[in-house]
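Examination of the molecular architecture
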Amino acid sequence: MVDELLKWRGEFPILDQTVYLISHSLGAMPKGAYDRLHEYAEVWATRGVRAWAEGWWEMPVTVGDDVARIIGAEPGTVVMHQNVSICQSLILSCLEPTPKRNKIVYSELNFPSVMYVYEAHARDGKLRIETVKSDDGITVSLERFLAAIDEETLLVPFSHVLFKSGFLQNAKAITDRAHEVGAMVVLDAYQSAGTVPLNVKELNVDFATGGSVKWLCGGPGAGYLYVRPDLQNQLEPKTTGWMAHEHPFAFETELHYAPNIRRFLHGSPAIPALYAAQSGYKIINEIGVEKIREKSVRQTTRLIELAQEAGFAVTSPQNSGNRGGTITIGHEEAAALTSELIRREFIVDYRPGAGVRISPHFYTKDEELELVINEMKKIKDARAYSVHESAGAAF
Ligand SMILES: Cc1ncc(COP(=O)(O)O)c(C=O)c1O
């Protein structure tokens, strides 16, 4: 079988040096990022302040349009921010909890940074958080999640794919239930966009957010926020700044929100990060997420087979319909095993409760799947690691 996606390997320098199976954490850097960052410096050096009018000012929206294509959104419905945490704060700053509608519902397997945002806001007593428990630390019962969403629910911030285990949640069912009772949802698509096809319009989510560090191969500092078009002009974010103003260069003393997605901006944007991120989006858009998913399902299925043949316990969901692009392998000394793999240039990571996380992406060769499992088996059989060592990759 010819794997046509392997033609992209030459674009990613790190693939020549390592077996790189960590796109759930930091996707490989495309060579194009070198050129784009050089271009950024060149524009700054030669155009100086004129660069703002020549494209920089517009970049949070124009780059947002590149992301919009990946998540099935219309142009003009996505803006760029630094990260997911700030996007969640910004969303919450648009909402007014009342004594009758003040509940935030999420699962305990949500990304912790997201939970910290809501926990911190709940300190003033106006919000209540209902945390849906997981039985196994890997999955979340849909039935239990839906049952927690009721007429008192204000917002449901949930991950499409859980960061720890790769469990793929039923975004449609969660969104429909929230809407049925008059609540809104924030879809955190960080672990799905770029590896699981996703259409925010079809799902009818109110908000979606994510970042570019992982499957989008865009590097840090390029988070995104989608707001459903019909909601945009009804909301007035309190996390705001001059870029959200209808006439920012009038420098008026009062805030009049822009009548479009720009009202979800705040202060000056992180321009270098936006330059760096675009090469990854371009490649993902050129390939198309459907094709990436097809390959991902084939390779994650193969990884599960290989891991089980080698005597490892796979903790991520076995059914491909229930998982994103990552598989996890439980092992009592997973942290030390991971450190040793990294030392041998097999780049993976580890999460407590789930085990070693391994992710092929569109640039992964089938033989690399065999190589990583063989290496893990060799290390395990020889116990060639120190049990006191912790995982080398903090992210
Ligand atoms: C599902 C999910 N949400 C959010 C984040 C990161 O949030 P932030 O962009 O605020 O760093 C991650 C990163 O690991 C993640 O996996």
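The residue numbers shown here count from 1 along each chain, following its written sequence. Predicted model: local features are reported for residues with pLDDT of at least 70 only, side-chain atom pairs are reported and counted for 80 or more only, and whole-chain, interface and lining totals are derived from all residues.

1. Here we look at the site of the ligand
How we decide: The criterion for a residue being near a molecule or strand is a backbone-placed C-beta atom within 6 Å of that molecule or strand. Side-chain classes are defined by residue name, with Ala, Val, Leu, Ile, Met, Phe, Trp, Tyr, Cys and Pro counting as nonpolar, Asp, Glu, Lys and Arg as charged, and the others, Gly among them, as polar.
Near the ligand the following residues occur: Asn83, Val84, Ser85, Phe111, Ser113, Ser159, Phe163, Asp188, Tyr190, Gln191, Gly211 and Gly223. Each residue belonging to the shell around the ligand can be placed in one class, and the counts come to 4 nonpolar, 7 polar and 1 charged.

2. A word on the sheet that holds strand E13 (residues 355–358)
Using the following cut-off: Each pair of strands is called paired provided DSSP finds at least two bridges between the two strands. Comment: elements are numbered from the N terminus, with helices defined as DSSP H or I runs of at least four residues and strands as E runs of at least two.
Taken in spatial order, the 4 strands make up an open sheet running E9-E10-E13-E12, and their pairing is antiparallel. Two strands close off the open sheet at either side, each with one partner strand: strand E9 (313–314) and strand E12 (349–351).

3. Concerning the domain arrangement of the protein
Note on interface size: it is often stated as the accessible area lost on association of the parts. Stated formally: Where each domain begins and ends is defined by an automated method or by a domain database. A pair of residues counts as a contact when their C-beta atoms, built from backbone coordinates, are within 7 Å of each other.
Taken as a whole, the protein is organised into domain 1 (4–29 + 289–382) and domain 2 (32–286). Just the C-alpha atoms count here: the centres of domain 1 and domain 2 sit 28 Å apart. Contact residues are listed per partner, giving 28 residues for domain 1 and 26 residues for domain 2. Looking at the side of domain 1 that touches domain 2 element by element, the count peaks at 5 residues for helix H11 (residues 289–309). Along the lines of polarity and charge, the residues of the side of domain 1 that touches domain 2 split into 9 nonpolar, 14 polar and 5 charged.

4. Quick notes on the pairing of strand E3 (residues 103–107)
Spelled out, the test is: Whether a residue is buried, exposed or partly exposed follows from its count of other C-beta atoms within 10 Å of its own C-beta, namely 20 or more, 12 or fewer, or something in between, respectively; the C-beta atoms are built from the backbone. When the strands point away from the viewer, a crossover counts as right-handed if the route from the first strand across the helix to the second turns clockwise.
Within E3, 5 of the 5 residues are buried, leaving the element largely enclosed by the surrounding structure. Burial of the side chains of E3 extends over both faces: Lys103, Val105 and Ser107 are buried on one face and Ile104 and Tyr106 on the other. Bridge count for E3 against strand E4 (residues 128–132) is 5 bridges, and the pairing is parallel. Bridge pairing in E4 places Ile104 opposite Ile129. Taking the sense of rotation as the criterion, the β-α-β connection linking E3, helix H5 (residues 112–122) and E4 turns out right-handed. In terms of strand pairing, E3 meets strand E5 (residues 153–159) through 2 bridges, oriented parallel. Bridge pairing links Ile104 to Leu155 in E5.

5. Description of the environment of Asp65
Residue position: Asp65 is located in helix H3 (residues 59–71). You can call Asp65 partly exposed: it has 18 C-beta atoms within 10 Å. If we skip the residues at most four places from it in the chain, Asp65 touches Pro75 and Val78.

6. Quick notes on the nonpolar core
Defined as follows: We call a set of buried Ala, Val, Leu, Ile, Met, Phe, Trp, Tyr and Cys residues a nonpolar core when their C-beta atoms link them within 7 Å.
Counting 110 residues, the largest nonpolar core has Ile71, Val156, Leu187, Leu225 and Tyr226 as the members making the most contacts within it. For this core, the two domains that each supply at least three residues are domain 1 (4–29 + 289–382) and domain 2 (32–286).

7. Observations regarding H5
As a reminder, the rule being used: Directions pointing from the helix axis toward each C-beta atom define the arc.
Within H5, burial applies to Val114, Val117 and Tyr118. With its buried residues spanning 85 degrees around the axis, H5 presents them on a single face. For H5, the exposed residues set more than 90 degrees away from the buried face come down to Tyr116 and Ala120. Next to the buried residues of H5 lie helix H4 (84–92), E3, E4, E5 and strand E6 (184–188).

8. Focus: the sheet that holds strand E8 (residues 223–227)
Convention followed: As a rule, the C-alpha atoms of each element are fitted with a line to give its axis, helices using only the stretch in contact, and angles between N-to-C directions run from 0 to 180 degrees.
Taken together, 7 strands build an open sheet; the order of strands is E2-E8-E7-E6-E5-E3-E4 and the sheet is mixed. Each having just a single partner strand, strand E2 (78–81) and E4 make up the two edges of the open sheet. Across this sheet, the average inter-strand angle for adjacent strands is 20 degrees, counted without regard to direction. Where E5 and E6 come together, 5 bridges link them in parallel fashion.

9. Focus: the packing of H11 against helix H13 (residues 366–382)
Quick note on the threshold: Comment on the angle field: the value is read as roughly parallel under 35 degrees, roughly antiparallel over 145, roughly perpendicular from 65 to 115, and oblique elsewhere. Rotating anticlockwise by less than a right angle from the far helix to the near helix defines a left-handed crossing, while the corresponding clockwise rotation defines a right-handed one.
Two numbers describe how H11 lies on H13: the axes approach to 10 Å, and their chain directions differ by 30 degrees. On the basis of the axis angle, H11 is roughly parallel to H13. Relative to H13, the crossing made by H11 is right-handed. When H11 is examined against H13, the residues Gln299, Arg302, Leu303, Leu306 and Ala307 are found in contact with a partner set consisting of Asp366, Leu369, Glu370 and Ile373.

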